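Chains, contacts and geometry: an overview
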Amino acid sequence: MRRCCSISLAISLLYAVALGESRPHYGGTLRVAVKEAPASIDPGGTAGASFLASFVFETLVRLDDRGMPQPHLATSWQAESGDQRWRIFLRSGVTFSDAARLDAATVAASLRAANADWKVMAAGDAVIIETASPRPALPAELALMSNAVARHENAKAIGTGPFLISQFDPGKHLSLKANDQYWNGRPFLDAVEIELGKNYREQSALFDLGKTDVIEIAPENIHRAEAAGRTVLSSRPFALMALAFAEPPKSADESHARNALAMSIDRTAINHVVVQDGGEPTGALLPNWLSGYGFVFPAGKNSEAARREKLLARRVTPWTLRYDAGDPVSRVIAERIQLNVRDVGLTIQLAISGASDLNLLEISPLSADARVQLRELASALGLPAPKLAGSSAADLYAAEKALLETQQVIPLLHLKSAVSVRANVHRWNSSASGEWRVEDVWLSAEKP
Amino acid sequence: MSFRRRLLVMFALTVLVSVAPVALIVSTMARRALDRANDERTVALVAQFRREFNRRGGEVARRIQAIVAAPETNRMTVAAAKPSPDYSPFLDDAQVLADAQRLDYLELADDHGTIISSAQWPAKFGYIETLIKPGLPSGPFLKHEETPSGAELGLFVVHAIPVAEHKIFVIGGLRLDQSFLASIDLPAGMRALLYENLDYASDRFVREHLIGASGSPHDPMAFAPIVQQVLRGGKEATSIVESDNGEESVDAIPLTGDDNQVLGVLLVGSSRQIYAELRNQIRSAALLAAGSGLVLAILLSSWLSARVTRPVEKLARAAHEVAAGNWNAHVEVFTGDEIGQLADTFNRMTGELLQQQDRLVQAERVAAWRELARRLGHELKNPLFPLQLTVENLIRSRELGQQEFHETFRESSTTLLAEISHLKTIVSRFSDFARMPQPQFQRVELKELLENVAKVYQAQLSKSNISCEVTTSGSIAADPDLLHRALSNLILNAIDAMPQGGTLRVSASSEQHSARFEVSDTGKGLTSDESARLFTPYYTSKSGGTGLGLAIVQSIVSDHGGRISVRSELGKGTTFIIELPSNAEKLSSAWSART
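Model, not experiment: these values are computed from the prediction.

1. Some remarks on the overall build of chain B
- Across its full length, chain B holds 14 helices and 17 strands.
- Nonlocal contacts in chain B, meaning residues at least 24 apart in sequence, comprise 63% of its contacts between residues at least 6 apart.

This is how it looks when you write it as structure tokens:
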């Protein structure tokens, strides 16, 4: 862990040097605009954990850039009984933002609330987790924000994170202030002001007007933003854009038609022109950089094969494809798919509301651990949980292949996520799964 | 129909026959003139629409020129000049340029026809625009454009930008839709509709494809025939269409593409409502004038016909009076024309008739007195002669012995008394005829009446060897005594007519409103002359008759409101027929009078 921190500090220092600042200093308010408009910051909320929860709440484990579990609120963990029983040792000296000490009972209660099928017990300074089946990736699962530790008091969630909520206007605005009692040292920033529910265009406008320091950049605008001279920090392609069927195929005809659909889509053109290379074409659920075998699943357009499959499908009813009406890129991608399938004799009707056969989805990454990410993707797509026979890449491949063979999902692209930061923002960092790490961020005086 | 009405109808028909053609001619000429004016207006409006259409095309061309000069287009041409151009950065440029130039359609394509950027269908990048081929249209043209929501009809202009040895094509246009139609200034009473022929293979009319400036017309099917006519023939057509907008003169213009396919049909409708109203006003005025003239003519005709027919009617009434027996009828004469002469002649005729009647009455009266005198003389002479002989014999017997005188005196006294009695009988009969009483009506059973009459004469009939047949039924309102008397007279006449015996048939029958009596004998019958004079008073064909019997019968029958007739044939017999009304009302009035 120490080595990891050293590397991180070194990178931050290099970044600071590059920006002409050599020494971080305290103070200042970071202004951020985001697209997400959560109704709650509570990681155990019904709407799921917001990535913004990482400002206030922390997990027992964090994943590094390679997806390896690293200690955070937990110092170490130990598997017992063939990965069905895990003993998690807690860090001492950690306090919640209200100065209450982090203890095993509180952690156990938080984990029980987030995982109904787990049996969680406090055992001294450790927490014991028992599961019905072996879970070799349980430490990585503990890194999910949904498993962040939260203590509820008076219907209010309290975390151990570097910031605490000073004001929250659900869906509109979130004000955070520094947690002076933060166990890992007070953050440099005094406060963070986050504008919620701003689309990319609004964010860009706020940025240009100097009203925000950090904004999200749409994948298709990454190159444009860079060309415009903005500082853009982008991730590896990780968010999955896919077509998801509402139901499995009901006949061999429909199965052939779905094969034809998957093969008719020109993912390369979509990525290159529509997304402006803001991602990469894929036929897999997990990105190639994460799984190592993603290239095995064909992502290219194969019109001839698609036509052959279409010929095998004697009777096909037109599909209805629903897309996000508020996202112009989604509309263009949906229309492109409509054109592509028309070339092989299939028909797709577009819809922006109501029931549909197909949905064009974008699923944000949740974990840099391939096994956990695959499980979370299956859950998000309404697919059965993948059956992992072991921890090897072959086992992962077999599980992913099985999911794809349900023909309920057609992967299209893995998209990058990116932010544009103002020049006076230093040490901006995010995890591989997109969580922002702002405890080390500091602000320098902005040059006129 | 009266003469006056006939005259009135003739006058009215004469006026109608005169006025109706005039009204028809005026109405027809007015309609033709209005139709001609309306057609000219429609032609002018269609020409105006064509100019507007062309102006729009020029406007699209100007906007395309602006796009050609835009920096985005310039960057695109620079990229196109590279050996392996990457057009991905220009995906949104068409949309930006189209928005800036307010174009509904804009596509930028390279010289292979590959779409670089499309405003109407951004996802169509990389696809081939089939329009790009040798012989591009130089001016505005119509084209069906595919969009994600379906095919649409647009007015397009294409412009080629040379880039080294390559070209960039700018294809822009405006949608021919509701807003396009609404943006065209049209005079009041005119509207433009557009039918988009999205299915070349069929000339079937699809009502949803017909749009107007304010949306779909309420009655699109009204335009189906003319649209299909244009789709089939490919030529302009004109028709009168009755739609929700009223009656319209519709000019249908085929909108063809560069391959001469009918892509749509422009319908320029010019409301005929104003003309229809004007025509209706003229027609109403004509009808009003004709109607008023007709009414006036009828009124005048009434007055004239009344004026003309009044003397004739007076004449007719006078003639009726004369026919009814009033010969004193007189017609006033006011004019000296033919009618006046006719009235004067009529008056003179009635005067003459009156004089003739007076003369006739006097002659008849004299004749009657003569006949009465003759009859009285005859009747009185018969008993007077025996009286004279008896008195003379009595005088002569004074000279005979007492015994003989007494015997003669006794015989003469007897004879004298008998003859005097005969004279009294004669006088009594005349007196009875003069004093015929008015009938006293009551319910009379016919059977009972006839049986009573027959019973009276039963002995006499047997003695005369006459068989009697009586058939009867029903009842009647009558005076039974008078009726008994009348029937007795007829039966006595029948007995007298059959001195050698025979058959007497007496029948009576009643119906709802009348009763019929028949008394028949099988005697020698009557001649036609005798039959004609039979009911003349004091006429008799019998040697000892007074000629009053049948006169009394006729008087009784007349007093009962009936009539008597005779049917006789020589050698076969005579039948007297009495027909009486039921006189039921007299029965009730008689009852009221008694109570």
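2. Quick look at the overall build of chain A
- A count of helical and extended segments in chain A gives 12 helices and 25 strands.
- Here chain A holds 448 residues, and 47% of them are scored as buried.
- Across chain A, contacts joining residues at least 24 apart in sequence account for 68% of those joining residues at least 6 apart.

3. A word on the sheet that holds strand 3 (residues 141–147) of chain B
Residue and element names in this part refer to chain B.
- Spatial ordering of the open sheet is given by 2-1-5-4-3, a layout of 5 strands whose pairing is antiparallel. Of all strands in the sheet, those with a lone pairing partner are strand 2 (115–118) and strand 3, marking the two edges. Strand-to-strand, the axes of this sheet are offset by a mean angle of 35 degrees, without reference to chain direction.
- Here strand 4 (residues 150–163) pairs with strand 5 (residues 166–175) via 10 bridges, running antiparallel. Among the inter-strand pairings, Phe-156 is bridged to a residue of strand 5, identified as Gly-173.
- Across the sheet, helix 2 (residues 71–80) is in contact with strand 1 (105–110), strand 2, strand 4 and strand 5; its angle to strand 5 comes to roughly 145 degrees.
- Set on the sheet, helix 3 (residues 93–101) makes contact with strand 1 and strand 2; between it and strand 1 the angle comes to about 140 degrees.

4. Focus: helix 12 (residues 393–404) of chain A
Residue and element names in this part refer to chain A.
- With 12 residues, helix 12 extends 16 Å between its outermost C-alpha atoms, agreeing within 8% with the 16 Å of an ideal straight helix rising 1.5 Å per residue.
- Within the sequence span of helix 12, burial applies to Leu-396, Ala-399, Glu-400 and Leu-403. Relative to the axis of helix 12, the buried residues are bounded by an arc of 95 degrees and lie together on one face.
- Residues of helix 12 that are buried sit in contact with helix 8 (288–291) and helix 11 (370–381).

5. What about the sheet that holds strand 7 (residues 126–130) of chain A?
Residue and element names in this part refer to chain A.
- What the 4 strands build is an open sheet, ordered 4-5-7-6; its pairing is antiparallel. Here the strands that pair on one side only, and so sit at the sheet edges, are strand 4 (74–80) and strand 6 (119–123). Averaged over all adjacent pairs, the angle separating strand axes in this sheet is 20 degrees, with direction ignored.
- Where strand 4 and strand 5 (residues 85–90) come together, 6 bridges link them in antiparallel fashion. Directly across from Trp-77, in strand 5, lies its bridge partner Ile-88.
- Of the strands in this sheet, strand 5, strand 6 and strand 7 are in contact with helix 2 (residues 104–114), which crosses strand 6 at around 175 degrees.

6. Quick look at unusual backbone geometry
Residues and elements named next belong to chain B.
- The backbone phi angle of Arg-102 is positive, close to 55 degrees, even though this residue is not glycine.
- Within the fold, Arg-102 resides in the loop between helix 3 and strand 1.
- A tally of 9 C-beta atoms within 10 Å means that Arg-102 is categorised as exposed.
- In this model, Asn-465 sits at a positive phi of 60 degrees, which is unusual for a non-glycine residue.
- Its place among the elements puts Asn-465 in the loop between helix 10 (458–463) and strand 12 (466–472).

7. Brief notes about the interface of chain A and chain B
- Taken together, the contact between chain A and chain B spans 11 residues of the former and 10 residues of the latter.
- Only helix 7 (267–274) and helix 10 (328–343) of chain A provide two or more residues apiece to the side of chain A that touches chain B.

8. Considering the nonpolar core
- In this structure, Leu321(A), Val265(B) and Leu267(B) are the most contacted members of the largest nonpolar core, which totals 110 residues.
- A per-element tally of this core places helix 10 of chain A first, with 7 residues.
- With near-sequence residues (within four places) excluded, Leu321(A) lies in contact with Ala334(A), Ile337(A), Ile348(A), Leu350(A), Ala351(A), Ser356(A), Leu358(A) and Leu360(A).
- One finds Ala137(A), Met145(A), Ala148(A) and Val419(A) within the second-largest nonpolar core, a separate group that totals 72 residues.

9. Focus on the environment of Val214(A)
Residue and element names in this part refer to chain A.
- Mapping Val-214 onto the fold places it in strand 13 (residues 214–217).
- A residue is classified by how many C-beta atoms lie within 10 Å of it, and Val-214, with 24 of them, is buried.
- Sequence separation between Val-214 and Arg-31 is 183 residues; the distance between their C-alpha atoms is 6.5 Å.
- Those residues in contact with Val-214 that lie beyond four places of it in its chain are Leu-30, Val-32, Val-419, Val-421, Val-425 and Trp-428.

10. Remarks on helix 9 (residues 303–312) of chain A
Residues and elements named next belong to chain A.
- Turning to helix 9, its buried residues number three or more, namely Ala-306, Glu-309 and Lys-310. Taken end-on, helix 9 shows its buried residues confined to a sector of 105 degrees, consistent with a single buried face. Exposed residues lying more than 90 degrees from the buried face of helix 9 are Glu-304 and Leu-311.

11. Re the packing of helix 11 of chain A against helix 12 of chain A
Residue and element names in this part refer to chain A.
- Viewed as axis vectors pointing N to C, helix 11 and helix 12 meet at an angle of 15 degrees, and their least axial separation amounts to 11 Å. By the angle class used here, helix 11 and helix 12 are roughly parallel. Taken as a pair, helix 11 and helix 12 cross one another with a handedness that is left-handed. Residues Ala-370, Arg-371, Leu-374 and Ala-378 of helix 11 pack against Leu-396, Ala-399, Glu-400 and Leu-403 of helix 12.
- Along the lines of polarity and charge, the residues of the contact of helix 11 with helix 12 split into 6 nonpolar, no polar and 2 charged.

12. Structural notes on the confidence of the model for chain A
- For chain A, mean pLDDT is 90; residues scoring 70 or higher make up 93% of the total.
- Every residue in residues 1–14 of chain A scores below 50 in pLDDT, and together they form 6 contacts with partners more than four places removed in sequence or on other chains.

13. Some remarks on the pairing of strand 18 (residues 348–351) of chain A
- Only one face of strand 18 of chain A is covered, namely the face carrying Ile348(A) and Leu350(A); the face carrying Gln349(A) and Ala351(A) is uncovered.
- Between the parallel pair strand 17 (residues 319–322) of chain A and strand 18 of chain A, the chain is carried across by helix 10 of chain A, and the sense of this crossover is right-handed.

14. Thoughts on the pairing of strand 9 (residues 246–256) of chain B
All names here are of chain B.
- Across 7 bridges, the pairing between strand 8 (residues 237–243) and strand 9 is antiparallel. Across the sheet, residue Ser-239 finds its bridge partner in strand 9, namely Val-250.
- Where strand 8 folds back on strand 9, the antiparallel hairpin that results is connected by 2 residues.
- Examined bridge by bridge, strand 9 and strand 10 (residues 262–271) share 9 bridges and lie antiparallel to one another. Across the sheet, residue Glu-248 finds its bridge partner in strand 10, namely Ser-271.
- From the end of strand 9 to the start of strand 10, which pair antiparallel, there are 5 residues, and Asn-260 there has a positive phi angle of about 65 degrees.

Cut-offs used in this document
- Residues numbered from 1 in each chain as written.
- Chains lettered and ligands numbered in written order.
- Predicted model: local features only at pLDDT ≥ 70, side-chain atom pairs only at ≥ 80, totals over all residues.
- Helix = DSSP H or I, 4+ residues; strand = E, 2+ residues; numbered from the N terminus.
- Contact = placed C-beta atoms within 7 Å.
- Buried ≥ 20, exposed ≤ 12 C-beta atoms within 10 Å, placed from the backbone.
- Pairing = 2+ DSSP bridges.
- Axes fitted to C-alpha atoms, helices over the stretch in contact; angles between N-to-C directions.
- Expected span 1.5 Å × (residues − 1).
- Arc of directions from axis to C-beta.
- Core = buried A, V, L, I, M, F, W, Y, C linked by C-beta atoms within 7 Å.
- Parallel < 35°, antiparallel > 145°, perpendicular 65-115°, else oblique.
- Left-handed = near helix turned anticlockwise from the far one by under 90°.
- Nonpolar A, V, L, I, M, F, W, Y, C, P; charged D, E, K, R; others polar.
- pLDDT = per-residue confidence, 0-100.
- Right-handed = clockwise from strand over helix to strand, strands pointing away.

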